[in-house]
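Fold and geometry: a report
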Amino acid sequence: MRRGLLATRDELTALRDRVARKPFDHIYDALQKRCALVLETAPITERAWRLAWQRGQFGAALQAARTAQGRILDLVIAHHIDPNAAYRDRAIEELKDLAAWSAWVDPVHEDMEADLCTAEAALAAAVGLDWLWEDLGEPDRLRVLQALRHKAVEAYHRAIGRGPFWYNCYHNWNAVVNSGCGLAALALSDDEPNAMEAYHQATAGLRRFFEALGREGGWDEGTGYWGYATRYVLLFGEAVARVLGDQSILHSRGMDATGLFPIYFSPNGKAASFGD
């Protein structure tokens, strides 16, 4: 597996120097509070989100994958800044639970091979495994790698063969699914031929997103979906730049100015947006 997708362990540890300064001290304080709350709640399991789904919660698996991703990344970052075995162990537990899901597709999309849930779970597992590699035993590493291979990369590859709407559209689905699954494919591409093919499919699919992104960075889905889509594109672009030395995603049309979009659409700090 390729390492250092978004940061190396040394780079995470080096954040200790930043959090002593403003405004990073406030960001770190918020991070610590989130991690403390995680330790007071139950881990995210498939059994829990399936019960929620059966009780009528729409998008239960997607929300579970998103929550697991936030927990894993928060806990690992906090642990590297200020070593805390409780944070590390809980991150490992959340990662292992995520890898154990029977599938990374939300039941509301049961006719799909890959969806938003696939992308969010894939990114969580790939980055989590990268950052926790030295803390995991070989059996656990292999289980997470197998989950990434079968539930993300192969599922994404099969999905494209069926012509999914999200591959040829331009909106947030395109950005999130291609970027999240593309990052997982990149992570496995050093020894998985199919993963490299999936990676190239992901970068090709993102062309629709960039064709729709205005040269001035504007986005017709509003600031909410702009943030969702752009977050995944930036994470994928950063991983590609770090691993392959290719900054083409980060320098694609509109990316140099798109950070101004939510500022222009939030006059006096109040969002003046649109969307669903």
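The following paragraphs examine the structure supplied in this document. (Residues numbered from 1 in each chain as written. Predicted model: local features only at pLDDT ≥ 70, side-chain atom pairs only at ≥ 80, totals over all residues. Heavy atoms only, no water.)

1. What to know about a nonpolar patch on the surface
Quick note on the threshold: Residues enter patches when they are more than 30% accessible in relative terms and free of salt bridges; like-charged ones are connected within 9 Å and nonpolar ones (Val, Leu, Ile, Met, Phe, Trp, Tyr) within 5 Å. A 1.4 Å probe and the Shrake-Rupley method give the accessible areas. Residues count as covered only by the protein chains that appear here. Think of a salt bridge as a Lys or Arg side-chain nitrogen and an Asp or Glu carboxyl oxygen that are within 4 Å of each other. Starting at the N terminus, helices and strands are each numbered in turn, a helix being any DSSP run of H or I of at least four residues and a strand any DSSP run of E of at least two.
Taken together, the side chains of Leu-260, Ile-263 and Tyr-264 make up a nonpolar region of the molecular surface, amounting to roughly 340 Å² of accessible area. In this structure, Ile-263 sits in helix H14 (residues 261-264).

2. Comments concerning unusual backbone geometry
The residue after Lys-22, namely Pro-23, is reached through a cis peptide bond having omega 0°. Relative to the helices and strands, Pro-23 resides in the loop between helix H2 (15-18) and helix H3 (24-39). Although it is not a glycine, Asn-268 adopts a positive phi angle of roughly 55°. By secondary structure assignment, the location of Asn-268 is in the segment after H14.

3. Focus: helix H6 (residues 85-99)
Threshold: To estimate how far a helix should extend, the number of its residues minus one is multiplied by 1.5 Å. The contact criterion used is simple: two residues touch if any of their non-hydrogen atoms lie within 4.5 Å. Here a polar contact is taken to be a pair of N or O atoms separated by no more than 3.5 Å, where protein atoms must pair a possible hydrogen donor with a possible acceptor and residues adjacent in sequence count only if both atoms sit in side chains.
Compared with the 21 Å implied by 1.5 Å per residue over 15 residues, the 21 Å span of H6 between its first and last C-alpha is a close match. Looking at the buried side of H6, the elements it contacts are H3, helix H5 (60-81), helix H7 (116-132) and helix H8 (138-161). At the N-terminal boundary of H6, the capping side chain belongs to Asn-84, with an oxygen 2.9 Å from the backbone nitrogen of Ala-86.

4. Description of the pattern of salt bridges
Rules: When accessible area is computed with a 1.4 Å probe and restricted to protein chains, residues below 20% of their type maximum are described as buried, those above 50% as exposed, and intermediate ones as partly exposed.
Overall, the coordinates contain 19 salt bridges when judged by the stated rule. Across the pair Arg-3 and Asp-130 runs a salt bridge whose closest N-O atoms are separated by 2.7 Å. Highlighted residues: Arg-3 in the segment before helix H1 (9-13) and Asp-130 in helix H7, separated in sequence by 127 residues. Arg-3 gets classed as partly exposed once you look at its relative accessible area, which sits at 33%. Salt-bridge contacts for Arg-50 lead to Glu-46; the nearest nitrogen and oxygen are separated by 2.7 Å. You can see Arg-50 and its partner Glu-46 sitting in helix H4 (residues 46-54), 4 residues apart, about one turn around the helix. Owing to a relative accessible area of 15%, Glu-46 belongs among the buried residues under this scheme. A network of salt bridges, in which partner residues are shared, links Arg-3, Arg-9, Asp-130, Glu-134 and Asp-135.

5. As for the environment of Glu-154
Locating Glu-154 in the fold gives a position in helix H8. The exposure class assigned to Glu-154 is partly exposed, which follows from its relative accessible area of 28%. Spatially, the C-alpha atom of Glu-154 lies 7.7 Å from that of Asn-194, the residues being 40 residues apart in sequence.

6. Some remarks on the packing of H7 against helix H13 (residues 222-244)
Note the threshold: Between N-to-C directions, angles span 0 to 180 degrees; the directions come from axes that are lines fitted to C-alpha atoms, helices contributing only their stretch in contact. Oblique is the label for any angle not under 35 degrees, not over 145, and not in the 65 to 115 range, which are roughly parallel, roughly antiparallel and roughly perpendicular in turn. Crossings are sorted by hand: turned counterclockwise from the far helix by less than a right angle, the near helix makes the crossing left-handed, and turned clockwise it makes it right-handed. Any residue that is not Ala, Val, Leu, Ile, Met, Phe, Trp, Tyr, Cys, Pro, Asp, Glu, Lys or Arg is counted as polar, Gly included; the first ten are nonpolar and the last four charged.
Where H7 contacts H13, the axes come no closer than 12 Å and their chain directions differ by 40°. Classed by the angle they form, the pair H7 and H13 counts as oblique. The handedness of the crossing between H7 and H13 comes out as left-handed. Every residue of H13 that contacts H7 at Leu-116, Ala-119, Glu-120 and Leu-123 is listed here: Tyr-228, Tyr-232 and Leu-235. Of the residues in the contact of H7 with H13, the class split is 6 nonpolar, no polar and 1 charged.

These figures capture arrangement, not role.
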